[in-house]
Amino acid sequence: MASTGTGNIEHKVTFCRICEPLCGMIATVEDGRLTALRPDKQHPLSAGFACPKGIAFTEVVNDPDRVTVPLRRGPDGFEPVGWDIALDDIAGRLSRILDRHGSGAVAWYFGNPAAFSYSHLMSVMPFIKGIGRHSHLFTASSQDTSNRLLASQFLYGSPMAVPIPDVLRTDFLVMIGANPVVSHGSFLTTPRIKDRMHDIVRRGGRVMIVDPRRTETAAQFEWQPITPDGDAYLLLSLLQVMFAENLADQRAVSAVADGLDWLRAQCVPFSPEATEDRTGIDPVTVRQLARDLAGTPRAAVYGRFGTSVGRNPTLTAYLIDVVNLVAGQLDTPGGSVFSTSGAPAERLMMMAMGAGMRRAFRRKKSRIGGFPSVIGAEPAAMLAKEISTPGDNRIRALFVSAGNPALSVPNGSELVGALGDLDLMVGLDLYVNETTAHCDYVLPVTTMYERDDFPVTFQNFQSTPFRQATEAVVAPRGQARTEWDIVADLTARLSKRPPVLAGLAGLRRLVERTGRAWGPRPIIDMMIRTSDGGDLFGLRRGGLNLRRLIGEHPHGVVVGEHIRTGVLHKVVVYRGGRIKLAHSEIGAEIEAVAQRDRPGEFPLRLIGMRQPRSENSWMHNSPTLMGPVLKRGDRAHGALMNADDAAALGVGDGDTVRIRSANGAIDIPVTLTDDIVRGAIAVPHGWGHNGSGGWKLANRGGGVNVNTLMSTAPADVEALAGMSWLTGVPVAVEPTTVTVTVGGTTEGVRMSGGQ
Ligand SMILES: Nc1nc2c(c(=O)[nH]1)N[C@H]1C(S)=C(S)[C@@H](COP(=O)(O)OP(=O)(O)OC[C@H]3O[C@@H](n4cnc5c(=O)[nH]c(N)nc54)[C@H](O)[C@@H]3O)O[C@H]1N2
Ligand SMILES: Nc1nc2c(c(=O)[nH]1)N[C@H]1C(S)=C(S)[C@@H](COP(=O)(O)OP(=O)(O)OC[C@H]3O[C@@H](n4cnc5c(=O)[nH]c(N)nc54)[C@H](O)[C@@H]3O)O[C@H]1N2
Ligand code: SF4
Ligand SMILES: [Mo]
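None of the values given here were measured: they were computed from a predicted structure.

Trainee: Run through the nonpolar core, naming residues and quoting values.
Mentor: The biggest cluster of nonpolar side chains holds 88 residues, and the ones touching the most others in it are Leu 263, Leu 293, Tyr 318, Ile 579, Leu 581 and Ile 659. Broken down by element, the residue count for this core peaks at 10 residues, all from helix 7 (residues 231-244). With residues up to four places along the chain from it excluded, the contact list for Leu 293 reads Phe 172, Val 174, Leu 238, Met 242, Ala 299, Val 301, Val 323, Ala 327 and Gln 329. Formed by 58 residues, the second largest nonpolar core is a distinct cluster that contains Ala 56, Val 60, Ala 377 and Tyr 441.

The structure is reproduced here in structure tokens:
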């Protein structure tokens, strides 16, 4: 690995893997210890940018609260044990559970950071699938991306075909439900995304942000306010206008897609006038937007998190692509494009994945709620009920890696209650968090700087085709090991290995016999060699392989100026290579949208809000990130509310309010603002560190778990992709403090205790 420095101080080139831009980093390593991180000025794309979280990561690596030895639950809480004792016991208990109850008794939940580690994904997936055909897999994706992947499966035949906006070339970017100034982009790897968006405006183009809140991003560009969960109506209206005004080149669309007549008929009832009370957007604006999207030569609509967690998110994701298609903006420069790797085998992979996942979607239904399998997983909102409901294939052993579902999925207290029914629970995490606190064992894992990596997940979401790989920067702290090693070791210790796992164990022995380390590197090497910029195993002189990428290009290499377009025939894997627009499932969702309930007992709508110094639930133990927050006292976690709504309810700025939903209630201080539409209230997620976790500073930050308000009733989970309902959730807000005047000074008096 490239490094410079004198004596015991080295400066190592690497990259951040907290969020999707994967910013280049220089790590200062003194006597083998990570002492500082700074942005890499020589990184071709992030070019000296890093956010506060990335810089603060040194504090995670060296955190005294980190789990650095295997922990076993004893009568007095967790106690350290050796790896052999831990893994022998886990393997023994797992083997007995498998013998007695079969593979349906075993489940794995992996969370967001798993997507940022090749060795994590490439070990856990084969393990849990290899356990047997009834095993359960849950991921953060049913709170995040499954709807988007399923929409691609419907339209193109494969969940791997996910279009992204061609940010570098577009002249009109419409972002729906995304706040990249804070999130740094999602399903979109565009380092320095804010600068790239300002470039659009600088070259005479426009950026429009469709969001119920005038976010940090909306404040810098055009803000189009919308009623929470109104996106499907807006998109249907855009299509209605495009058809009614003949803005679409229908011949061009019919040349690549089947079902245009079906689609046109579906949109008829949704004129902008008919949807105005659902979106809060004036029909003149909607018509103009439709004309601008169809009339600007390079325009792209992009939707992200805010469009993924409402009532009908698979439909919404489907409609975003269809709007791009009908506007003539799909698969064209500056439009909505498919970032392909250039590997000859890519289409074969997509075809195989697509066929397998389409079959599983039709045939495999979850035990509780009958939800279809989406990218091989079940809805995490059903995890608690899958543990606590008796019957065949009830979960008895649960592994949780890189996740904190007690805070991240709906109704965490139901889940925590259910965890007590398990016979075995094992966590693989950097910390004892609010979920792993309930484990029999918590196993210490490496941080991103303690392992080699290549960001497989994000290769096809890059605005600029780019390759970078890294070695570990420091040795693992304490006894931490990679998920790959832990899974391999556990597999080897199972008394009777299911056939797939036996095969993997055999393969491992074979590889080790040749003197090579068992790991994901050969697979990654092959990917690099066969995709854009690769050496094609010697056929392309000077091309890349993994060794050369790390050794000669530590800052990474741009392997193409722009995303390739004109690739529809490669990414659409249906026979004939044609997009399929007509689906009975989509028709049923359009029907459901038309019938959606109006506000009743709960008149307001809850939305989320990411924060620059938080990463979901897990960076609240960094003094650098938390210090300024804690200084502001109880404002570490607070809600944002429209000032007029507040006035109508008698709520003042800074008051603590009670937010109630059909599912629960939380008490939280509010800040009043005009920068959020009337009827909406925003609460950040990832808080609610109640002291059960081992992260002391996070516990001091506390906050409340907003997902207490969310439902796990099967009827409240989206029927298609099993998405949790996290935005546009009906709530009522009431003051918990009243303002009284005592001897001339104004004070708030609490009317009721905590929830
Ligand atoms: N600092 C920071 N960065 C992060 C994270 C973090 O926790 N902190 N998390 C990372 C993760 S896991 C992800 S998935 C990404 C997500 O990144 P993004 O996809 O950019 O998502 P958010 O930042 O949550 O922004 C979603 C926006 O949708 C709006 N919204 C809510 N409901 C609706 C709706 O019904 N319609 C519309 N149109 N808008 C709506 C919200 O007001 C919000 O501004 O961020 C990643 N980056
Ligand atoms: N209400 C509401 N709920 C939400 C969201 C929202 O916006 N609003 N966002 C949703 C989204 S988009 C997401 S992605 C989920 C996130 O939810 P989850 O993925 O379930 O949890 P995180 O909070 O990301 O916690 C990640 C855990 O991984 C650990 N960790 C970090 N790095 C590693 C590693 O390399 N290996 C291992 N084994 N562990 C590691 C951290 O210590 C932490 O405990 O939350 C979802 N829930
Ligand atoms: S934006 Fe921040 S957290 Fe995300 S990759 Fe860059 S430095 Fe890391
Ligand atoms: Mo996420």
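Trainee: Any details on the pairing of strand 27 (residues 729-735)? Residues and values, ideally.
Mentor: When strand 22 (residues 604-607) meets strand 27, the two strands line up antiparallel, connected through three bridges. Residue pairing across strands places Arg 605 opposite Pro 730, the latter belonging to strand 27. Direction of pairing for strand 24 (residues 656-660) relative to strand 27: antiparallel, over a ladder of four bridges. Residue pairing in the sheet places Arg 660 in a bridge with Ala 732 of strand 27.

Trainee: Which residues make up the site of ligand 1, and what are the values?
Mentor: Lining the immediate surroundings of ligand 1 are 30 residues, of which Ser 183, Asp 211, Asp 229, Asp 231 and Ser 614 lie closest. The separation between an oxygen atom of ligand 1 and a polar main-chain atom of Asn 616 is 2.8 Å. Tallied by class, the residues present in the shell around ligand 1 amount to 10 nonpolar, 12 polar and eight charged.

Trainee: Break down the packing of aromatic side chains for me, citing the residues and quoting the values.
Mentor: Going through the model one piece at a time under the given rule, you end up with 11 aromatic pairs. When the centroid spacing of 6.2 Å and the interplanar angle of 75 degrees are considered together, the rings of Phe 127 and Phe 399 count as edge-to-face. You can see Phe 127 sitting in helix 3 (residues 118-130) and its partner Phe 399 sitting in strand 16 (residues 397-401), a full 272 residues away along the chain. Aromatic pair Phe 187 and Phe 461: ring centres 4.6 Å apart, planes at 70 degrees, arrangement edge-to-face. On the criterion of sequence distance, the pair formed by Phe 187 in the loop between helix 5 (180-183) and helix 6 (193-202) and Phe 461 in the loop between strand 18 (441-444) and strand 19 (466-467) is long-range, its members being 274 residues apart. In terms of burial, Phe 187 and Phe 461 fall into one category: buried. Stacked on the ring of Trp 725, the Lys or Arg Arg 311 has its end atom at 3.8 Å from the ring centre. Over the face of the ring belonging to Phe 305 we find Arg 610, whose NZ or CZ atom lies 4.6 Å from the ring centre.

Trainee: Let's hear about helix 19 (residues 521-530): which residues, and what values?
Mentor: Listed as buried for helix 19 are Ile 524, Asp 525, Ile 528 and Arg 529. The arc that holds the buried residues of helix 19, viewed along the axis, is 135 degrees, so those residues lie on one side.

Trainee: Hey, could you go over the environment of Gly 230 for me, with residue numbers and the actual values?
Mentor: Position of Gly 230 among the secondary structure elements: in the loop between strand 12 (222-224) and helix 7. A relative accessible area of 0% places Gly 230 in the buried class. Beyond its immediate sequence surroundings of up to four residues, Gly 230 is in contact with Arg 278 and Thr 279.

Trainee: Before we move on, could you go through the pairing of strand 4 (residues 33-39) and cite the residues and values that matter?
Mentor: Bridging between strand 3 (residues 24-30) and strand 4 involves six bridges; their strand directions are antiparallel. Bridging from a neighbouring strand, Ile 26 pairs with Arg 38 of strand 4. Remark: two residues form the turn of the hairpin made by strand 3 and strand 4, two consecutive strands paired antiparallel; Asp 31 in that turn has positive phi of roughly 50 degrees.

Trainee: I'd like a description of helix 17 (residues 483-493), backed by residues and values.
Mentor: For helix 17, the buried fraction is high: eight of the 11 residues fall into the buried class. For helix 17, the set of buried residues is Glu 483, Trp 484, Ile 486, Val 487, Ala 488, Asp 489, Leu 490 and Thr 491.

Trainee: Summarise the sheet that holds strand 22; cite the residues concerned and give the values.
Mentor: The strand order around the closed barrel built from six strands is 22-26-23-25-24-27, with neighbouring strands paired in mixed fashion. When the angles between neighbouring strand axes are averaged without regard to direction, this sheet yields 45 degrees.

Trainee: Residues and numbers for the confidence of the model for the chain, please.
Mentor: Caution is warranted with low-pLDDT regions, since their predicted coordinates should not be read in detail. Within the chain, residue pLDDT values average 94, and 96% of them lie at 70 or more. Low pLDDT, under 50, characterises residues 748-755; the stretch is placed with 25 contacts to residues that sit more than four places away or in other chains.

Trainee: Tell me what's going on with the pattern of salt bridges, and back it up with residues and numbers.
Mentor: Evaluated as defined, the whole model comprises 44 salt bridges. A salt bridge links Arg 660 to Glu 601, with the nearest nitrogen and oxygen atoms 3.9 Å apart. Of this pair, Arg 660 sits in strand 24 while Glu 601 sits in the loop between helix 22 (584-594) and strand 22, and the two are 59 residues apart along the sequence. Taking relative accessible area as the criterion, Arg 660 reaches 28% and is therefore assigned partly exposed. The class for Glu 601 is exposed, based on a relative accessible area of 58%.

What counts, and at which threshold
Residues numbered from 1 in each chain as written. Chains lettered and ligands numbered in written order. Predicted model: local features only at pLDDT ≥ 70, side-chain atom pairs only at ≥ 80, totals over all residues. Heavy atoms only, no water. Core = buried A, V, L, I, M, F, W, Y, C linked by side-chain atoms within 4.5 Å. Buried < 20%, exposed > 50% of the residue type's maximum accessible area, 1.4 Å probe, protein only. Helix = DSSP H or I, 4+ residues; strand = E, 2+ residues; numbered from the N terminus. Contact = heavy atoms within 4.5 Å. Pairing = 2+ DSSP bridges. Near = heavy atom within 4 Å. Polar contact = N/O pair within 3.5 Å; in protein donor to acceptor, adjacent residues only side chain to side chain. Nonpolar A, V, L, I, M, F, W, Y, C, P; charged D, E, K, R; others polar. Phe/Tyr/Trp six-rings, centres within 6.5 Å; stacked < 30°, edge-to-face > 60°. Lys NZ or Arg CZ within 6 Å of the ring centre and 35° of its normal. Arc of directions from axis to C-beta. Axes fitted to C-alpha atoms, helices over the stretch in contact; angles between N-to-C directions. pLDDT = per-residue confidence, 0-100. Salt bridge = Lys/Arg side-chain N within 4 Å of Asp/Glu carboxyl O.

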